[in-house]
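# Observations on the three-dimensional arrangement
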Amino acid sequence: MIADITPVIIGVGQHSERVGEPGYEALSYMDLAGRALAAAIADSAASGAVAPAIDTLAAIRAFEMSRPGREPPFGAANNVPRAIARRVGANPVRAILTPTGGQTNQQLVGEFAQAIAAGASRCAVIVGSEAISTVLALSAKGERPDWSEQVEGDFEDQGFGVEGMMETALFAHGATGAIPLYALAENARRAKLGKGLDDYRRDIGELFAPFTKVAAANPHSAAPVERSAEDLATVSDRNRIVAEPYTRMTVARDQVNQAAAIIIASAGLARELGVPEAKWVHIHAVSAATEAMLSQRPDLAASPASIASVEAALGRAGKQMGEIRYLDFYSCFAIPVFNQIDHFGIAVDDPRGLTLTGGLPFFGGAGNNYSAHAICEAVERVRHDPGSFALVGANGGWMSKYATGIYSTAPADWSANDRFQKLPEAGERIRVGQGAFDEALVETYTINHAKSGKDAVFLGRNPAGERVCGNADLTHEPTRALFEGGEPFGARLAVVLDERGRNIGRLIA
C-alpha cells in the first residue's frame, strides 16, 4: 500500500500552435498556459474535480517577463498564476510567480513533492507558457492585441533570480546573451579536444541530427523537420554563424508558442479524486545545484555542478546511468549535452536517445519552461513502459544552475522525505580581475554576430593569473586572421582601453 503522503504526478499536459497552420488561434501566454493545465487535468482521468483541489500553483516566468525593465509587448496579467488558475476554475491558497531559469520547473517538482510528503500541501501545479512566435508574427503585421488582465488575489513574486549570472564585464564587451556566453564555453571545450572549427561543427551536427528526428515526430515541435548532421554543420545563407562555433540551426529556438503543465498530488488525494493508479508516476529523486559564474570557473569548458546534480539524483534513486531507459538532457546548445555524455561515457548515437522532445533547437526552447515539456514526455514514456526509469536534466542561465529528476511507475518511498536535495555551491573559483591590465593570455573566445556588427570576445588570464575579458581588435590584420581562423587559444594579446572603456587586445608578435 502506497502511503497517503507519497507525492505522485497525476497529470501532465501540453498545448502548442504554429503560426499560420490550420486551427491557429494566436493565443496569449495566459490562454496557452490555461489550455495546458486543462489538458493535464484531463490527463489525470480523475472521477472527481481536480481544479478545486489545487492548493499551490507556480507559474513559470515567461522570457518576456524575465529581466528587470522588460515588459511583454502586448501586456500580460498583473497576477500571472491566478490568471492561469481561473481558466480552469482553480483558486489555490498559494500562488507563485517563479524566478528566471530553465531548471526552475524541475527543481519545483522536488520542492512541491517535499511539501506534500511533509503534509504542507496536497496538490501542486507547475505551469508555464511562451508565445514569442505569435508576438513576432503579429508585430510584423502591425497588430497589437491587448493581453493585459487584472486579476485579484495575492501571489508570491519570487523575483528574477538572475543573481550570480550577470556577467557585466562580458556584457559590456558584446557577450550580451546566452548564445555568445555558451559559445565561449563551447570553444573552450573545442580547445581541450584540439579540434578545428569545421570538425567541431560536424561534432555538433552529429550530436543534434538524432534530435531532429525526434522533433519531426513530435506534434508540439516548433520546427518538426528532420535534418542531417551535414545540414546542421554546413554554414550557408540559411544557416549562418550566430556566434562561433554555432550555426543558426544549432541554437535554442525561442520563437515558439508552447505551454506545459504538471500536477503533483499526494497519493491520498489521488485516491480521493479517483485518479487511476495506472496514471501515477513516482518521483524517485530530484537534486538541484548551482555553478560558479562563467568567468570564475576553473575549467571554462565544464560544469561540475550539473554533473553533481545528475550523480546525486542517480544515487538517491539507487540507479546507474545504464539503468535509465529514457533520457532528456537540456540542449539549449551542444555543450550542456556534451558535459553529461562526456562524463557518463554516453555515445551521441546511444540507442536510448538523448532527448524526449526533440531538443531546444528543434522542438523549441520554450523559455524557462522547456523542461516541463521534457517531464511531460518522461511521464508518458514510463506510463507506457511500467517499471522503467526516465531522467530529465534541466539547465538554467549559462550552465549556471541545474536540476535533475528521476521518474518511474515503480513506487518511491517518501517516508523519510529525503528524495529532494539542494547541493552545496561549488567552492573553487578563479579570481576575476577588477582593474586595467595591459596583457592577456587567451583561454577561449567567440565571434558574436549581431545586427550592430561582430565582436570577437575573449576570456583569458592577465599576468597576475586573474580571469579577464576583452575584445580582439579585428581591424588589426594579424589579430583578425588569428581569431577568424579559429585558433587564438594561448595567444598573448597587448591590451588597451578604448574610448568606451572596453579592453581591446592585439596579438603580440
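Below you will find a few notes about this structure. (Residues numbered from 1 in each chain as written. Predicted model: local features only at pLDDT ≥ 70, side-chain atom pairs only at ≥ 80, totals over all residues. Heavy atoms only, no water.)

## Remarks on helix α12 (residues 370-384)
- Compared with the 21 Å implied by 1.5 Å per residue over 15 residues, the 22 Å span of α12 between its first and last C-alpha is a close match.
- Of all the 15 residues making up α12, twelve are buried; the element is thus mostly covered by neighbouring parts of the structure.
- Inspection of α12 places Y370, S371, A372, H373, A374, I375, C376, E377, A378, V379, V382 and R383 among the buried residues, and these make up the whole buried set. (Helix = DSSP H or I, 4+ residues; strand = E, 2+ residues; numbered from the N terminus. Expected span 1.5 Å × (residues − 1). Buried < 20%, exposed > 50% of the residue type's maximum accessible area, 1.4 Å probe, protein only.)

## Section: empty space enclosed by the protein
- As enumerated under the stated definition, the model contains one cavity of 30 Å³ or more in all.
- Empty space within the largest cavity amounts to approximately 50 Å³.
- Together, Y29, M30, A59, I60, A62, M65, V80, I84, V127, G128 and S129 line the largest cavity.
- At the level of secondary structure, the elements contributing two or more residues to the lining of the largest cavity comprise α1 (29-43), α2 (80-86) and β4 (123-131).
- Per-element tally for the lining of the largest cavity: the top contributor is β4, with three residues.
- Class assignment for the residues of the lining of the largest cavity results in nine nonpolar, two polar and no charged. (1 Å grid on protein atoms, 1.4 Å probe; cavity = no way out; pocket = protein on both sides within 12 Å on 5 of 7 lines; lining within 4 Å. Points joined across faces, edges and corners; volume = space filled by probe spheres on them. Nonpolar A, V, L, I, M, F, W, Y, C, P; charged D, E, K, R; others polar.)

## Comments concerning the side chain of T404
- With respect to the helices and strands, the residue T404 is situated in strand β12 (residues 401-408).
- Within the structure, the side chain of T404 is placed 2.7 Å from the side chain of S309, a separation counted as a polar contact.
- A polar contact of 3.5 Å, which involves the side chain of T404, links it to the backbone nitrogen of V310. (Polar contact = N/O pair within 3.5 Å; in protein donor to acceptor, adjacent residues only side chain to side chain.)

## Some remarks on the pairing of strand β9 (residues 281-290)
- With nine of ten residues buried, β9 is to be regarded as a mostly interior element.
- The pairing of strand β1 (residues 7-16) with β9 spans two bridges and is antiparallel. Bridge pairing in β9 links V8 to H282.
- Of the strand pairs in this sheet, β9 and β12 are connected by eight bridges, and their pairing is antiparallel. Its bridge partner lying in β12, V286 is registered against G405. (Pairing = 2+ DSSP bridges.)

## Some words on the packing of helix α10 (residues 304-317) against helix α11 (residues 334-344)
- The contact between α10 and α11 brings their axes to 10 Å, and the two run at 55°. Taken together, the axes of α10 and α11 are oblique relative to one another. Relative to α11, α10 is oriented so that their crossing is right-handed. Contacts between α10 and α11 pair S306, I307, V310, E311 and L314 from the former with N339, Q340, H343 and F344 from the latter.
- Looking at side-chain class alone, the contact of α10 with α11 contains four nonpolar, four polar and one charged residues. (Axes fitted to C-alpha atoms, helices over the stretch in contact; angles between N-to-C directions. Parallel < 35°, antiparallel > 145°, perpendicular 65-115°, else oblique. Left-handed = near helix turned anticlockwise from the far one by under 90°. Contact = heavy atoms within 4.5 Å.)

## Let's talk about unusual backbone geometry
- Cis geometry marks the peptide bond from E244 to P245, where omega comes out at 10°.
- When you line up the elements, P245 lands in the loop between β6 (241-243) and β7 (246-247).
- At A26, a residue that is not glycine, the phi angle is positive and equals roughly 55°.
- Among the structural elements, A26 can be located in the loop between β1 and α1.

## Side note on the environment of P7
- Structurally, the position occupied by P7 is in strand β1.
- You can call P7 buried: its relative accessible area is 0%.
- P7 sits 45 residues away from P52 along the chain, and the two C-alpha atoms are 18 Å apart.
- Every residue in contact with P7, bar those within four places of it in the chain, is listed here: A113, I116, A117, I264, A265, I283 and W414.

## Some thoughts on the layout of surface pockets
- Its boundaries defined by the atoms lining it, the largest pocket holds a volume of some 1700 Å³.
- If you go around the largest pocket, you meet 50 residues; those closest to its centre are F63, I179, V251, A252 and D254.
- Elements with a contribution of two residues or more to the lining of the largest pocket: α4 (132-140), α6 (178-193), β11 (389-396) and β14 (439-450).
- Looking at the lining of the largest pocket element by element, the count peaks at four residues for α6.

## Some remarks on the packing of helix α3 (residues 104-117) against α12
- Packing of α3 against α12 brings their axes to within 7 Å, and their N-to-C directions diverge by 60°. In terms of orientation, α3 and α12 fall into the oblique class. Residues N105, Q106 and V109 of α3 touch α12, and the partners they reach there are Y370, S371, A372 and I375.
- Among the residues making up the contact of α3 with α12, the classes are represented as four nonpolar, three polar and no charged.

## A word on the environment of A3
- Along the polypeptide, A3 turns up in the segment before β1.
- The exposure class assigned to A3 is partly exposed, which follows from its relative accessible area of 40%.
- Between the alpha carbons of A3 and R467 there is a distance of 52 Å; along the sequence they are 464 residues apart.
- Setting aside anything within four residues of it in sequence, one finds A3 in contact with A267 and R271.

Read these as geometric descriptors, not functional statements.
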